[in-house]
Amino acid sequence: MEDFLRGTFVPKKRLGQNFLVDKRVVARIVEACELSADETILEIGPGTGALTREMMPLVRRIIAVETDRQLAEKLRTDFPADKLEVHCEDFLRFDLAQVPRPLKAVGNLPYYISSPIIGRVLKEREVFSALFMTAQLEFGERLVALPGSKDYGALSVLVQFYADTKLLFRIGNQAFRPVPKVNSCFIRMTLRNQPAISVKDVQFFEKVVRLGFLQRRKTLLNALASLGRKDMLASVLSSSGLPTQVRAENLSVQDFGRLADLLLEAQP
Ligand code: SAM
């Protein structure tokens, strides 16, 4: 693999191509994925196959979605077709009807699309049992942040609503070539069979969470102004057991659920 990277191939910045070259990190990632011999997994952005190569003997089959034509060709040449099915496509548009379910998704992902990839996996909860992914360290910290921390935001609430999420370990930037400016981490996101809490209307819950954090320095009373009059909002906050001056960053997932349900009832 390193020979390939030293050759004529020029990594494409626009595709987030920072390839894993540290074998210890590769081994740690593969171990963390808890693979079993009878499973098929989906690998997002396999690149030159650093993870693919090590995962292959441990699973039944790998479905790989790689958008770079040159790399997809190389993967087809390097690995047997009965073990690796390569789709040269953008994962965000890849037709998931063709994969067995439920399956794990694994990837050293391009960081510029971490959010949309997570969004798609959470939306397609019927297809995926878990997502194991690298992320920029700061982004990973936002995923697992708890109320009151500066990293806690809409992303934290929504991800924790749908998945049990853990930051498993940090990865220094020297593990990749080209060396990126940022450090990374490895995340396990196990999708829940049911969301962490039950809410009356999931879309409305998501709307309340997003609105709440849109201007995170505002009190909820002001941030949620588009959902009703102040006196109504104040009364709903107090029925939810929350102080009227509370900010979104202080609400747990459960608080948001209770608030969204009461706000929904109070809608005209
Ligand atoms: N997994 C390899 C490794 O660990 O060395 C490559 C990781 S590199 C950070 C990300 C890979 O994702 C690249 O091979 C890139 O071409 C591919 N990629 C970028 N955008 C993609 C997309 N939308 N869908 C699928 N693959 C994508």
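This text follows the structure it describes.
A few points on the structure. (Residues numbered from 1 in each chain as written. Predicted model: local features only at pLDDT ≥ 70, side-chain atom pairs only at ≥ 80, totals over all residues. Heavy atoms only, no water.)

1. Focus: the sheet that holds strand β9 (residues 184-191)
The strands that make up a sheet pair up through hydrogen bonds in the backbone, lying either parallel or antiparallel. Condition: The pairing criterion for strands is at least two bridges between them, as found by DSSP. Helix and strand assignments come from DSSP, with helices taken as H or I runs of at least 4 residues and strands as E runs of at least 2, each series counted from the N terminus. Think of each axis as a best-fit line through the C-alpha atoms, taken over the contacting stretch in the case of a helix, with angles from 0 to 180 degrees between the N-to-C directions.
Ordered by their spatial adjacency, seven strands build an open sheet running β4-β3-β2-β5-β6-β9-β7, and the pairing between neighbours is mixed. A strand with exactly one partner marks an edge of an open sheet, and here the two such strands are β4 (84-87) and β7 (163-171). On average, adjacent strands in this sheet sit at an angle of 20° to one another, irrespective of strand direction. As judged from the three bridges shared by strand β2 (residues 40-44) and strand β5 (residues 103-107), these two strands associate in the parallel manner. By the bridge assignment, Glu-43 is partnered in β5 with Val-106.

2. Remarks on the pairing of strand β6 (residues 128-136)
Look at any regular strand and the pattern is simple: side chains alternate between the two faces of the sheet. Definition in use: Throughout this description, buried means an accessible area under 20% of the type-specific maximum (1.4 Å probe, protein chains only), exposed means over 50%, and partly exposed covers the range between.
The buried count for β6 comes to seven of nine residues, which makes it a mostly enclosed element. Here five bridges tie β5 to β6, and the two strands are oriented parallel to one another. The residue of β6 that forms the bridge with Val-106 is Phe-132.

3. Some points on the layout of surface pockets
As a reminder, the rule being used: Buried and open spaces are told apart on a 1 Å grid over the protein atoms alone, a cavity being a set of points where a 1.4 Å probe fits but cannot get out and a pocket being an open set with protein on both sides within 12 Å along at least five of seven lines. Residues with an atom within 4 Å of a point are the lining residues. Grid points are joined across faces, edges and corners, and a volume is the space filled by probe spheres set on the points. Think of it as three bins: nonpolar holds Ala, Val, Leu, Ile, Met, Phe, Trp, Tyr, Cys and Pro, charged holds Asp, Glu, Lys and Arg, and polar takes everything else, Gly as well.
Within this model, the largest pocket holds a volume of roughly 800 Å³. If you trace the largest pocket, you find 42 residues lining it, with Leu-15, Gly-16, Gln-17, Asn-18 and Pro-110 closest to the centre. Secondary structure elements with two or more residues in the lining of the largest pocket: β1 (19-20), β2 and α3 (50-55). For the lining of the largest pocket, the class distribution of residues is 23 nonpolar, 11 polar and eight charged. Put simply, the second largest pocket is a space of about 280 Å³. For the second largest pocket, the lining is made up of 13 residues, of which Ile-118, Gly-119, Leu-122, Leu-158 and Arg-210 are closest to its centre. Every element with two or more residues in the lining of the second largest pocket is listed here: α5 (114-123), α7 (154-162) and α8 (202-214).

4. Quick word on the packing of aromatic side chains
Using the following cut-off: Only rings of Phe, Tyr and Trp enter the pairing, Trp through its six-membered ring, and a pair is recorded when the two centres are within 6.5 Å. The plane angle decides the type: under 30 degrees is stacked, over 60 is edge-to-face, the rest tilted. A ring has a charge above it when a Lys NZ or an Arg CZ is no more than 6 Å from the ring centre and no more than 35 degrees off the ring normal.
Evaluated as defined, the whole model comprises eight aromatic pairs. Consider the rings of Phe-161 and Tyr-162, whose centres lie 4.8 Å apart with planes at 75°: the pair is edge-to-face. Ring centres 5.7 Å apart and planes at 40° place the aromatic pair Phe-213 and Phe-256 in the tilted group. Of the two residues, Phe-213 sits in helix α8 while Phe-256 sits in helix α11 (residues 253-266), which places them 43 residues apart along the sequence. On the basis of relative accessible area, Phe-256 is assigned to the buried category, the value being 0%. Here the aromatic residues Phe-132, Phe-169 and Phe-186 are joined through ring pairs into a cluster of three or more. Above the plane of the ring of Phe-169 lies Arg-28, whose end atom (NZ or CZ) is 4.2 Å from the centre. The positively charged end of Arg-120 is found above the aromatic ring belonging to Phe-91, 5.6 Å away from the centroid.

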